[in-house]
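Descriptive structure summary
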Amino acid sequence: MTTRLIFPALLAVLAAPFVFAQDAPYAAISDDPHLNIVPRTPDEAARIAGVTALATDFTAVQRFEDRPAGAATVRVTDDSNAFSLASENITFEDELLFKVGNGLFRKIWVSSPSSTLASDGLGPLFNARSCQRCHIKDGRGHVPDGPDDTSISMFLRVSIPNATAAVHAIDGYHGTAPDPNYGSQLQDFALPGIPSEYKLTIEYEEVEVALAGGETAYLRAPTYEADELGYGPLHEDAMLSPRVAPQMIGLGLLEAIPAADILALADPDDANGDGISGRPNIVWSQVHDRPMLGRFGLKAGMPTLLEQNAAAFAGDIGISNPLHVAGAGECMATQTECVNAPHGDGDARGFEADQEVLDLVTFYSRNLGVPMRRSPNDPEVLRGKDLFYGAGCVACHQPSFVTHRLEDQPEQSFQLIWPYTDLLLHDMGEGLADNRPEAVANGREWRTPPLWGIGLTEQVSGHTEFLHDGRARSILEAVLWHGGEAQAARDRVVDMTPEDRAALLRFLESL
């Protein structure tokens, strides 16, 4: 059986933009319970406002701009390990923890029962056997390279509308539920004797885009197919969305940005009339039992790194952990072979990945360093930066923040960082829409991705595939897919002279 993934027109079920039942719309999520914070003084707040103000002089690099992660910035290597170094300011003792976490991140899980009791529990359904198999060299995943490619880092999320599934007091939360036969994501691998859920294939249609100056670009518009469904049909209202694993660098610094500073950039009603109406995703934290600002995932569907990693262990590898306790991973009740298969959480660990494993992997992912900028003082790079600002790209790709001062995370504490993201949701137009909501995000919205490290993608990952599904084969193609709120900025890039476009791309490649 073949199911065509031409996303269903379900926008009618998407709720209107949310408001909290409070005087201040975002008051419930303006703090950061996941962090041990030393409050800022008024003097610090004033200094931070000055140092993070948007640039107006493009004749020279801004102070500290060449170190995008502040003191955590790492040297640039000339090999594929550029995204795999520990924060430069990590202590010797904590570097050992980082290396242990790295080992767990790379660890190949095996099926149960096994003599390797600390590594058993894989699946029974899974997308990969280790974290590293998706986040290759801690960089971006890639789309299938032909029908027999088993090294892909891509899967399909799936859900169905469910009006009764709104979470607690979060108004505007899109009620969704897992597909009754397949859960919340499709796994393309399974243990021996157990059917896998599907096989992903993609077909592309080439789209020609005329650029000023006589140049032409070509985009590839994807159509996805879920073939060889192993557990019957998908629900008739199933909403599917492709996902390629994003890069891992700088995640701890993104987690340490004050929620209040991110929320200050939100403009859900476009009150300033600039055409940009970014808004936060609001998600329920399982750990803190309350609504929090979503930061992680392509639609900002997770509030903390710990919860992001726990969900990935369960959904991607089928590994139980303290936040996802099912030994059979994401198996649904109808998948009887999967539910009844042996699993590895019946020993002293309690779970296949216990709290110590989860904490070590989280420490590792929190401390992956961001490489230093390349040639930020080059005149063409500076001209490209001017064009980036002038095109309006910084309305979403906020250049800089200063992280919280933290009691117990010195690597992330009080750092001036340059991630080029606001971590907010933006309507990116019909061309990029997956029509699948996630928490408060609707089917046309995506979180602004950080741009730091984007110029090292080919060196680390061996490709230049961008956007949530890897459809863009270059940075320029990624820009040309922008629509919705970003349409005006995209059109300014189209209208640039070839020399200006080249300078703009040169700036982005320097990040």
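Residues numbered from 1 in each chain as written. Predicted model: local features only at pLDDT ≥ 70, side-chain atom pairs only at ≥ 80, totals over all residues. Heavy atoms only, no water.

1. As for the overall build of the protein
Stated formally: Numbered from the N terminus, helices here are DSSP runs of H or I no shorter than four residues, and strands are runs of E no shorter than two. Between the two quantities, the radius of gyration covers C-alpha atoms and the globule rule is 2.2 Å times the number of residues to the power 0.38. The cut-offs for exposure are 20% and 50% of the maximum accessible area for each residue type, with area from a 1.4 Å probe on protein chains only; residues under the lower value are buried, those over the upper are exposed, and the others partly exposed. Here, residues are in contact when the closest pair of their heavy atoms is within 4.5 Å. What sets the accessible areas is the Shrake-Rupley method with a 1.4 Å probe; for residues, cover comes only from the shown protein chains. For the purpose of charge, His is not counted, nor are the chain termini; Lys and Arg are scored as positive and Asp and Glu as negative. A charge is said to be at NZ when it belongs to Lys, at CZ for Arg, at CG for Asp and at CD for Glu.
Within the protein, the secondary structure is distributed over 12 helices and 17 strands. Since a compact globule built from 511 residues should have a radius of gyration of about 24 Å, the 22 Å found for the protein is in line with a globular shape. Dimensions of the protein along its principal axes, counting C-alpha atoms only, are 65 × 55 × 50 Å. Residues classed as buried in the protein amount to 57% of the 511 residues present. For the protein, the proportion of contacts with a sequence separation of at least 24, taken over those separated by at least 6, is 72%. A total of about 20,300 Å² of accessible surface is found on the protein, and carbon and sulfur atoms cover 54% of it. Side-chain charges of the protein comprise 37 positive and 72 negative groups, with the mean position of each set lying 4 Å from the other.

2. A few points about the state of the cysteines
One covalent bond between the sulfur atoms of two cysteine residues makes up a disulfide. Put simply, the test is: The term disulfide is used for any two cysteine sulfur atoms that are within 2.5 Å.
Evaluated as defined, the whole model comprises one disulfide. Across the disulfide from cysteine 331 sits cysteine 338; the S-S distance is 1.4 Å. Summarising the burial analysis for this pair, cysteine 331 and cysteine 338 share the class buried. Residue cysteine 396 stays outside any disulfide, its sulfur separated by 8.7 Å from that of cysteine 393, the closest cysteine.

3. Observations regarding the pattern of salt bridges
Threshold: One side-chain nitrogen of Lys or Arg within 4 Å of one carboxyl oxygen of Asp or Glu is enough to make a salt bridge.
The full count for this structure, using the stated rule, is 22 salt bridges. The salt bridge partner of arginine 47 is aspartate 43, with a shortest N-O separation of 3.9 Å. Remark: aspartate 43 and arginine 47 occur in helix α1 (residues 42-51); sequence separation between them is four residues, near one turn of the helix. A salt bridge links aspartate 378 to arginine 506, with the shortest nitrogen-to-oxygen separation between them at 3.9 Å. Of the two residues, aspartate 378 sits in the loop between α7 (355-366) and α8 (379-390) while arginine 506 sits in helix α12 (residues 498-509), which places them 128 residues apart along the sequence. When its relative accessible area of 26% is taken as the criterion, arginine 506 is described as partly exposed.

4. A few points about the packing of α8 against α12
Note the following rule: Fitted lines through C-alpha atoms serve as axes, helices being fitted only where they are in contact, and the angles separating the N-to-C directions of these axes extend from 0 to 180 degrees. Angular relationships are summarised with four words: roughly parallel below 35 degrees, roughly antiparallel beyond 145, roughly perpendicular across 65 to 115, and oblique for the angles in between. Under the scheme applied here, ten amino acids are nonpolar (Ala, Val, Leu, Ile, Met, Phe, Trp, Tyr, Cys and Pro), four are charged (Asp, Glu, Lys and Arg), and all others, including Gly, are polar.
Axis separation between α8 and α12 bottoms out at 7 Å; the angle between their running directions is 100 degrees. Between α8 and α12, the interaxial angle falls into the category roughly perpendicular. Seen from α8, the contacting residues are Glu380, Val381, Arg383, Gly384, Lys385, Leu387 and Phe388; seen from α12, they are Glu499, Asp500, Ala502, Ala503, Leu504, Arg506, Phe507 and Leu508. Residues that form the contact of α8 with α12 fall into these classes: eight nonpolar, one polar and six charged.

5. Details of the nonpolar core
This is how the line gets drawn: As used in this record, nonpolar core signifies buried Ala, Val, Leu, Ile, Met, Phe, Trp, Tyr and Cys residues forming a set joined through side-chain atoms within 4.5 Å.
Leu186, Tyr198, Leu234 and Phe313 are the most contacted members of the largest nonpolar core, which has 79 residues in total. The greatest single-element share of this core, amounting to six residues, is contributed by α7. Residues Tyr389, Val394, Met428 and Leu508 belong to the second largest nonpolar core, which totals 43 residues.

6. Quick look at helix α2 (residues 92-106)
In plain terms, the rule: Helix span is expected to be 1.5 Å times the residue number reduced by one. Arc definition: directions from the helix axis to the C-beta atoms.
In this model, α2 (15 residues) spans 21 Å end to end at C-alpha, consistent with the 21 Å of a helix rising 1.5 Å per residue. Along α2, the positions that sit buried rather than exposed are Phe98, Gly101, Asn102, Leu104 and Phe105. On an axial view of α2, the arc spanned by its buried residues comes to 160 degrees, and they lie on one face. Among the exposed residues of α2, those oriented more than 90 degrees off its buried face are Phe92, Glu93, Leu96 and Lys99. At its buried positions, α2 is contacted by α7.

7. What to know about unusual backbone geometry
The bulk of non-glycine residues show a negative phi, and the bulk of peptide bonds are trans. The amide bond that connects serine 112 to the next residue, proline 113, takes the cis arrangement and shows omega of -5 degrees. Within the secondary structure layout, proline 113 lies in the loop between α2 and β3 (125-126). That bond from glycine 123 to proline 124 is cis: its omega, 10 degrees, falls within 30 degrees of zero. Position of proline 124 among the secondary structure elements: in the loop between α2 and β3. Residue aspartate 289 is not a glycine yet carries a positive backbone phi of 55 degrees.

8. Focus: the packing of aromatic side chains
Here is the rule: Ring geometry is summarised as follows: Phe, Tyr and Trp rings, the Trp one being its six-membered ring, pair when their centres sit within 6.5 Å, and such pairs are stacked at plane angles under 30 degrees, edge-to-face over 60 and tilted between the two.
Taken as a whole and assessed by the stated rule, the structure comprises 10 aromatic pairs. Ring centres of phenylalanine 388 and tyrosine 389 lie 6.5 Å apart, and the angle between their planes is 65 degrees; this geometry places the pair in the edge-to-face category. Given the relative accessible area of 3%, phenylalanine 388 is considered buried. The class for tyrosine 389 is buried, based on a relative accessible area of 10%. On the numbers, 5.3 Å between centres and 50 degrees between planes, the contact of phenylalanine 388 with phenylalanine 507 is tilted. Here phenylalanine 388, found in helix α8, pairs with phenylalanine 507, found in helix α12; they are 119 residues apart in sequence, far enough to count as distant. Both residues of the pair, phenylalanine 388 and phenylalanine 507, count as buried. Through successive ring pairs, a cluster of aromatic residues spans Phe58, Phe388, Tyr389, Tyr420 and Phe507.

9. A look at the confidence of the model for the protein
We count it as follows: What pLDDT expresses is the predictor's confidence in each residue, scored from 0 to 100.
Scored by pLDDT, the protein comes out at a mean of 91, with 93% of its residues at no less than 70. Taken as a whole, residues 1-23 scores under 50 in pLDDT and shows 65 contacts with residues more than four places along the chain or in a different chain.

10. Section: helix α5 (residues 305-317)
Helix length check: α5, at 13 residues, gives a terminal C-alpha distance of 17 Å against a target of 18 Å (1.5 Å per residue), a fit within 8%. Looking only at α5, the buried set comprises Leu305, Glu307, Asn309, Ala310, Phe313, Ala314, Gly315, Asp316 and Ile317. Taken together, the buried residues of α5 touch β3, β4 (154-161), β6 (185-186), α3 (251-255), β11 (282-285) and α7. Of the residues one or two after α5, glycine 318 is the one with positive phi, at around 75 degrees.

11. Describing the side chain of histidine 135
This is how it is decided: Pairing of N or O atoms within 3.5 Å defines a polar contact, subject to two protein rules: one partner must be a possible hydrogen donor and the other a possible acceptor, and residues neighboring in sequence count only if both atoms are side-chain atoms.
Considering the arrangement of structural elements, one finds histidine 135 in the loop between β3 and β4. Overall, the relative accessible area of 16% leaves histidine 135 in the buried class. A polar side-chain atom of histidine 135 sits 2.8 Å from the main-chain carbonyl oxygen of proline 246. Other than its neighbours up to four places away in sequence, histidine 135 contacts Phe105, Ala245, Pro246 and Met248.

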